[in-house]
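# Topology and contacts: notes
Residues per chain, in single letters:
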Amino acid sequence: MISPQLFIFLFPVNAQQGMKPFEHLGVGLEVGTLGAGLDFAVPVHSHLVVRAGFDLLPFKYSDTYNVNHDRNEINQLIWNNPAVESALTAAGLPTNAGDLSDDIDLDGKLNMFNGKVVVDYYPFKKSSFHVIAGLYFGKNRIISLDGSIDKQTYDFLQIINNAFPEENFGSSITVEDYRIEADQNGHINADLKINSVKPYVGIGFGNSIPKKRVGFHFELGAMFQGSPSIISDNGTVVKLPKAEGDSGVIGTIEKITVYPMMSFKLTGRIF
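Residues numbered from 1 in each chain as written. Predicted model: local features only at pLDDT ≥ 70, side-chain atom pairs only at ≥ 80, totals over all residues. Heavy atoms only, no water.

### A look at helix α2 (residues 71-79)
Every buried residue belonging to α2 is among I74, N75, L77 and I78, and all of these are buried. Axial view of α2: buried residues confined to an arc of 160°, hence all on one face. Structural note: α2 exposes N72 and W79 on the side pointing more than 90 degrees away from its buried face. With a side-chain oxygen lying 3.1 Å from the backbone nitrogen of N72, the N-terminal cap of α2 falls on D70. (Buried < 20%, exposed > 50% of the residue type's maximum accessible area, 1.4 Å probe, protein only. Helix = DSSP H or I, 4+ residues; strand = E, 2+ residues; numbered from the N terminus. Arc of directions from axis to C-beta. Polar contact = N/O pair within 3.5 Å; in protein donor to acceptor, adjacent residues only side chain to side chain.)

### Considering a negative patch on the surface
Taken together, the side chains of D63, D103, D105, D107 and D146 make up a negatively charged region of the molecular surface. The leading source of residues in the negative patch is strand β4 (residues 103-121), at three residues. With respect to the helices and strands, D107 occurs in strand β4. (Patch = residues over 30% accessible without salt bridge, like charges linked within 9 Å, V, L, I, M, F, W, Y side chains within 5 Å. Areas by Shrake-Rupley, 256 points an atom, 1.4 Å probe, with all protein chains shown as cover. Salt bridge = Lys/Arg side-chain N within 4 Å of Asp/Glu carboxyl O. Lys, Arg positive; Asp, Glu negative; His and termini not counted. Charge placed at Lys NZ, Arg CZ, Asp CG, Glu CD.)

### Some points on the pattern of salt bridges
Between side chains of opposite charge, a pair can form as their charged atoms come close. Tallied over the full model, the rule gives twelve salt bridges. Of the charged contacts in the structure, one is a salt bridge between E30 and K116, with a shortest N-O distance of 2.6 Å. In this pair, E30 is assigned in strand β1 (residues 26-32) and K116 in strand β4, connecting sequence segments 86 residues apart. With respect to class, E30 is no different from K116; both count as buried.

### Some details on the sheet that holds strand β7 (residues 172-175)
Taken together, the three strands give an open sheet; going across it, the order is β7-β8-β13, and neighbouring strands pair in antiparallel fashion. The open sheet has two edge strands, β7 and β13 (237-239), and neither has a second partner. Within this sheet the neighbouring strands show an average axis-to-axis angle of 20°, counted without direction. Pairing between strand β8 (residues 178-181) and β13: three bridges, direction antiparallel. Across the sheet, R179 pairs through a bridge with V238, a residue of β13. (Pairing = 2+ DSSP bridges. Axes fitted to C-alpha atoms, helices over the stretch in contact; angles between N-to-C directions.)

### Concerning the side chain of D55
Structurally, D55 can be placed in strand β3 (residues 48-66). Apart from residues lying up to four places away in sequence, D55 is in contact with E30, L34, A36, G37, M112, F113, N114, K116 and Y136. (Contact = heavy atoms within 4.5 Å.)

### Remarks on a nonpolar patch on the surface
On the surface, a cluster of nonpolar side chains totalling about 580 Å² of accessible area is made up of V31, Y121, V131, I203, L220, M262 and F264. Looking at where V31 falls in the secondary structure, it is placed in strand β1.

### Remarks on unusual backbone geometry
Backbone geometry at F22 places phi at a positive 60°, although glycine is not the residue there. Tracing the sequence through the fold places F22 in the loop between α1 (4-10) and β1. On the basis of relative accessibility, which here comes to 59%, the residue F22 falls in the exposed class.

### Topic: the pairing of β4
Across 19 bridges, the pairing between β3 and β4 is antiparallel. Pairing of A52 across the sheet is with V117, part of β4. Two strands pair when backbone bridges link them, and β4 and strand β6 (residues 141-148) are joined in this way by four bridges, in the antiparallel orientation. By the bridge assignment, G108 is partnered in β6 with L145. As judged from the eight bridges shared by β4 and strand β5 (residues 130-138), these two strands associate in the antiparallel manner. Residue pairing across strands places G115 opposite F137, the latter belonging to β5.

### So, the pairing of strand β2 (residues 35-45)
By the bridge criterion, seven bridges tie β1 to β2 in an arrangement that is antiparallel. Looking at β2, one finds that E30 is bridged to G37. Counting the residues that bridge the hairpin from β1 to β2 gives two residues. Examined bridge by bridge, β2 and β3 share nine bridges and lie antiparallel to one another. Bridged to P43 within β3 is V49. In textbook terms, the turn of a hairpin is the stretch between consecutive antiparallel strands, and for β2 and β3 this stretch comprises two residues.

### Considerations on the nonpolar core
Counting 43 residues, the largest nonpolar core has I74, F156, I160, I173, V175 and I188 as the members making the most contacts within it. Excluding residues that lie within four positions of it along the chain, F156 makes contacts with I74, I78, L88, L93, P94, A97 and L100. In this structure, A41, V49, Y122 and I209 belong to the second largest nonpolar core, which totals five residues. (Core = buried A, V, L, I, M, F, W, Y, C linked by side-chain atoms within 4.5 Å.)

Okay, here's the thing in structure tokens:
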């Protein structure tokens, strides 16, 4: 438990009182649930401070998925149709689906970048507690998935689908609760999309512009990002029934319309 003396040291009880509009300029370096960030603060009233800055949370990963198709069914069709087998041989492709690579390496990228403009309201003369309201704005595609089906596998499936259009062996992969179809070149792409402009409310402790040269600031809030959705520029995205997909990270993120924000900040007064 933090002692009262330590709390007062970290978050002084004095509010932003006595500061004339635009008399000072503060800077803050923060880390929190929105990543790492930088902002600048200026007083516009003895009870109001305006802050502007940005937060960045980058992350990359890679995983391997299997192309969706039934090998046994495809082989049965080939064996019962010599013309299809001849077409595959003429194209230099295997005549057995078991000889194909089903793996596709999918690269994922989390890229949460947000600018912000917020107002800190200090309602009490002898307290650094304040209420925060404003807007975050930035990229609306915060998670991107990208990859390509093995060319031999894709060419093989194209011949099969041309010969048996009623079967429609789609060149696709399943990621949790979604089936993502490849485009005409075997490329797979999908993005998790949220609102570009996101209202924000929160509370804070500590001065955005410290009385001395250095101070500390703690903040809790909520960013209203809207309902996340999965989209694709190149192919088709199909939502699967729960029984067919394994709900995971994406399924959880889909349900989060309000993003929780918590940050710790080192503040400084430039002048």
